[in-house]
Amino acid sequence: MRRRLYSFTSGALALILTACGFNGNPNEGESGTENVTEENMECYVYRSGSSSLCEGFTIYEYKGEFIFAADYFNCGDELVETYSLQEREVKLFLEEANVVFAKGTQGETKEEDFDRAGAYLERSYMVVDGVFYSVEKIDFEVLGIDVTDAHEVKYPLDEETTEYKIEELPKLQETTQWKEQPVFISVGEFQRCVGKQIEERTGEEIERMAIDGLGDEDFMIKAEMQNGEHYTVTVTYLGYVVKTEKE
């Protein structure tokens, strides 16, 4: 893979609609929308596999940016790649989204079907202007985005996951954004995801992290590094570190 991997989710893979800025139950059907644009595209997800081995690829809008996350799961091991798309990737993504959007909606697959042990399922859908559409899969290779199969991924060791702790995490877990996610988010992997990104952005190892504020689309963390430096960190509810600001 061309970019570093991070991990944040657990169990069956799913699009986290609330964290994408979409609240409540999605409406499936016609909205009057003719084209997918940067202004009306909220999120897109592709999922395939079974309850024991699966992968999911999500692109969601965040304050004018589009964030990509690849979620891999293999018998309890998990890994997620997450980063902001470049301008060219966004352009190609919207072009491909319009192609599958124009072809019309496909058959519905219920989220709970992904929890059936051993069952292989495949699903692709998007939320455009507040409306839910089941669509064909977008070809990520056309976008220049590298993805792989869940059984080929090198997953982090448990020892690495347990190194990272976010103090006052229950505050985050009590938010609507966290509670309304359709699948359980692994606390350990979420903390590791955030911690790893902070270390990469700052070039320093983390001493401690603590929740410092909760917003509609993101939340704040106070991070203290082992060299004594302090940072204010902005994170999306899907685990992407937006920015780190030195205090």
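Basis of the calculations
Residues numbered from 1 in each chain as written. Predicted model: local features only at pLDDT ≥ 70, side-chain atom pairs only at ≥ 80, totals over all residues. Heavy atoms only, no water. Buried < 20%, exposed > 50% of the residue type's maximum accessible area, 1.4 Å probe, protein only. Helix = DSSP H or I, 4+ residues; strand = E, 2+ residues; numbered from the N terminus. Pairing = 2+ DSSP bridges. Contact = heavy atoms within 4.5 Å.

(A) Quick look at the pairing of strand E4 (residues 65-74). Judged by how many residues are buried, E4 sits mostly within the fold: eight of 10 residues are covered. Sheet analysis places strand E3 (residues 53-62) next to E4, joined by 10 bridges and oriented antiparallel. Bridge pairing in E4 links Tyr62 to Glu65. Hairpin connection, E3 to E4: the antiparallel pair is bridged by two residues, and Lys63 has positive phi, about 50°. Both E4 and strand E5 (residues 77-84) contribute to a ladder of eight bridges, which runs antiparallel. If you follow Phe68 over to E5, its bridge partner there is Tyr83. Linking two consecutive strands that pair antiparallel, namely E4 and E5, is a turn of two residues; a positive phi of about 50° is found at Cys75 within it.

(B) Region of the structure containing the environment of Asp77. Along the chain, Asp77 falls in strand E5. When near neighbours in sequence (up to four residues on either side) are disregarded, Asp77 contacts Tyr72 and Tyr155.

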